[in-house]
Each structure stands twice: as C-alpha cells, then as structure tokens.
Amino acid sequence: GYTFIHCTFVWASLAGCLLFSAYALQAVWLHPAPPDIRTNNLYILGIINLLGMIIAYSIEHSARAQFYLTRRLEKERAKVAEGKSLLEKRVFERTKQLTTANERLRAESDEHQRTAEALKDSEEKFGKAFQASPMALIIRAEDTTEFMDVNDSFLRLSGYKRTEALGTSAPDLDLWADQAEREAFLLLYAETGRVKNFRSRFRRRDGTIGVGLLSAERITLKGRPFLLTIINDISELEEARASERESRKRMAAVFAAASTSIFIIDAETHTIVDANPAALNLIGVSAEDLMGSPCHQYICPQFDGRCPMELEDGISTGLEQINTNADGDEIPVLRTTVQT
C-alpha cells in the first residue's frame, strides 16, 4: 500500500516540471535574463530534472518489484502448506484403513490356525469349529464336486441359502469368476495334495465379484476322505491396497506438478534422493547428476558442508538463504524443511 500511495516517480516528475516551468516563466516574462544565461540555466535545470526523474523511477521500480515478489512468495507458501496438509491427511486415512485391514486379516489368520488345530482333535470339535469359523468353509467328497456341508460364513459370503448350496458344486453356483483360476487351483491341489492362500476372485449370488485366499486340505470324516476348502475374504483389504496405490499415484502427480522446488534428503547420509522438475530447473542439473549428491552442494552451501537438518529440530519455515545453481549463479530462496 505504501508503494502505491507514495508514487515516487510521479511526484518527483511533477515537482521537477513545476520548478522548470517556474524558472522559465520568471526568466522569460517576469524578469527577462540575457538569452545566453537563460539558455544555459534552462539546459542545466533540464538535465537535473531528468536525472531526478531517473533516480525516482529506479527507487519506485525497486520498491514495486520487492512488493510483488513478497506477495508471490506468500501465495506460493500458502499453496505448499495447503497441499502438504491435504497429502498428510490422505496418507493418514489410507494408512489407518490399511492397518485396520491388516489387523483383521491377522485376526482371521489366527482364527484359521485355531480352527485347523480343532479339526485334528475330534470330529465333534471339528463340527462346532466348522460352524463357528469366521471364514467360509466348504466340505465336499474328494471323488465328487458336490458340497456336502458349508458353514454360515460361506452362506454370508456367497449370499446363498443352505438348501441352495448343499448338493450343488462351485460350477453349478458359478462361484469362480475366472475359470483359468479354477483350473490352476485344481492342478495345484492334484500336484501337492493341498493348497494354501491361493488368491482368486469369486462371484456372489448377486453377481458382485470378491477376492479371497483359498486353502484346501484333505481330511478324513468317519473313515472317508473329504476335501476341506477355506475361503478367506480379503476384498476389503484389496480395496484398501488399491486406494493406497491410488493415493501414492496422486502424491507422485502432485510432487511432479508442484511449481515449488521440492527436494527429498536422506536424514542419515544427507544426500539428495529425489527432486521434482521444478527443483531440477532451479538448480540447472539433470536428475542423474543431482541424485546422490550431498545436500549442501546445491541446496544450502552456506552451511559449509554441514546439513541444516543437524542444526534444526522439526519443521523450519520461511528461512531465507542463497542457493547456487550449476552455473554458479546465486539464487535467493525461502526454505522450508520438514523431517519425516
């Protein structure tokens, strides 16, 4: 505001022109002076007036340039802070979802292990564990494909009723979303006699597709061999992983498209491990030459070989410093350091 109100160039120019005009009026009409003296004085006053205008313009130009640069830096800093806050929030949410899914999978795996141990104890305990298992269980005769029994978790997973499932088979219910996966599963079981955590897609009664880990084990009930199939539903975990991958892609896109120069530095070795295109343009070197370089070589040369992260704790914002590009030119910047 001070810059625009105090228009140095305008006031100086008006003052000079008024003084010049006043002298010309006095020398020509009010108190006429000899022509040679009048001409000489007007020439000198004109030169002084021109020099004053040039000096005033230089002062005003410098002030305005500093004003606009400060405003631009403030806007860029606000954008970086907003983008950083948004990224941290999304990463926290995705990490929380993935952690919850991993804990659920770990709990289900532990339950599966307990169920397997119960099956070995007795057929009575097996029957109770079979129905109580949180994972979908299927029992079929080894020489046929018909379901002899299914537990409640399978009914909830597939959407079928018990009367609809018993006496049928996986092909009858169209459970396999991909027949190639079914053939690979059967081939693996025929070769090894068991299958563990075979990832496959399955189709529910309503037509939706889920993802599960299939395990198969040969068991004996009342002297007859049966095939026990266990389905561990990981659909939510797969969705969480997909969301995490998408989040990372968005983070990478923001990192690459940011107009602010961003460097990632190894906190232990103090070497540059990554930099966005804006940073490469600022320094004026290629990514191959920049990666692995000491951070003080390009980012903070005034620290004389010491990394500023050793001198700062946590987050430092808006620190003024001078960077040097590949050509040796000094570049004034505002530096923000975040330790993660």
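How each quantity is defined
Residues numbered from 1 in each chain as written. Predicted model: local features only at pLDDT ≥ 70, side-chain atom pairs only at ≥ 80, totals over all residues. Heavy atoms only, no water. Phe/Tyr/Trp six-rings, centres within 6.5 Å; stacked < 30°, edge-to-face > 60°. Buried < 20%, exposed > 50% of the residue type's maximum accessible area, 1.4 Å probe, protein only. Helix = DSSP H or I, 4+ residues; strand = E, 2+ residues; numbered from the N terminus. Polar contact = N/O pair within 3.5 Å; in protein donor to acceptor, adjacent residues only side chain to side chain. Contact = heavy atoms within 4.5 Å. Expected span 1.5 Å × (residues − 1). Arc of directions from axis to C-beta. Pairing = 2+ DSSP bridges. Axes fitted to C-alpha atoms, helices over the stretch in contact; angles between N-to-C directions.

A. A look at the packing of aromatic side chains. A full pass over the atoms with the stated rule returns three aromatic pairs. Between the aromatic rings of phenylalanine 147 and phenylalanine 154, the centroid separation amounts to 6.0 Å while the plane-to-plane angle is 85 degrees, which identifies the pairing as edge-to-face. Among the residues examined, phenylalanine 154 registers a relative accessible area of 1% and is labelled buried. Feature note: the residues Trp176, Phe185 and Phe198 constitute an aromatic cluster, connected by ring pairs.

B. Spotlight on the side chain of glutamate 181. With respect to the helices and strands, the residue glutamate 181 is situated in helix 8 (residues 179-192). On the basis of relative accessibility, which here comes to 17%, the residue glutamate 181 falls in the buried class. At a separation of 3.0 Å, a polar atom in the side chain of glutamate 181 contacts the main-chain amide nitrogen of arginine 201. Discounting chain neighbours no more than four positions away, the residues touching glutamate 181 are Trp176, Phe198, Ser200 and Arg201.

C. Looking closely at helix 8. For helix 8, which comprises 14 residues, the first-to-last C-alpha distance of 20 Å matches the rise-based estimate of 20 Å (1.5 Å per residue) to within 8%. Every buried residue belonging to helix 8 is among Glu181, Phe185 and Tyr189, and all of these are buried. Seen end-on, helix 8 carries its buried residues on one side only, within an arc spanning 70 degrees. Among the exposed residues of helix 8, those oriented more than 90 degrees off its buried face are Glu183, Ala190 and Glu191. Here the buried face of helix 8 lies against strand 3 (195-203), strand 4 (209-221) and strand 5 (224-233). Regarding helix 8, its N-cap is aspartate 178, as a side-chain oxygen of that residue lies 2.9 Å from the backbone nitrogen of alanine 180 further along. Immediately downstream of helix 8, the backbone of glycine 193 shows phi near 80 degrees, a positive value.

D. Spotlight on unusual backbone geometry. At aspartate 174, a residue that is not glycine, the phi angle is positive and equals roughly 55 degrees. Residue placement: aspartate 174 occurs in the loop between helix 7 (170-173) and helix 8. Residues other than glycine seldom take positive phi values, yet asparagine 197 does so here, at roughly 55 degrees. Within the element layout of this structure, asparagine 197 appears in strand 3.

E. View of helix 9 (residues 235-257). Under the 1.5 Å per step criterion, the end-to-end length of helix 9 is 33 Å for 23 residues, consistent within 8% with the ideal 33 Å. Burial in helix 9 covers these residues: Ser235, Leu237, Glu238, Ala240, Glu244, Ser247 and Phe255.

F. Geometry of the pairing of strand 4. Here strand 3 runs beside strand 4; their pairing, made up of seven bridges, is antiparallel. Directly across from valine 195, in strand 4, lies its bridge partner alanine 216. Counted along the chain from strand 3 to the antiparallel partner strand 4, the turn is five residues long, and its residue glycine 207 has a positive phi close to 90 degrees. Note: strand 4 against strand 5, ten bridges, orientation antiparallel. What sits directly across from serine 215, in strand 5, is isoleucine 230. Here strand 4 folds back onto strand 5, and the loop between the two strands holds two residues, one of which, lysine 222, carries a positive phi near 55 degrees.

G. Quick peek at the side chain of asparagine 276. Structurally, the position occupied by asparagine 276 is in the loop between strand 7 (272-275) and helix 10 (277-283). Excluding anything up to four places from it in sequence, asparagine 276 contacts Phe255, Ala256, Ala258, Thr260, Ser261 and Ile262.

H. View of the sheet that holds strand 2 (residues 147-150). On the basis of which strands lie adjacent, the open sheet formed by five strands has the order 2-1-5-4-3 and antiparallel pairing. Two strands in the sheet have a free side with no partner beyond their single neighbour: strand 2 and strand 3. For this sheet, the mean angle separating the axes of adjacent strands, direction not counted, is 30 degrees. In the packing of helix 8 onto the sheet, the strands contacted are strand 1 (136-141), strand 3, strand 4 and strand 5, and the crossing angle to strand 3 comes to about 160 degrees.

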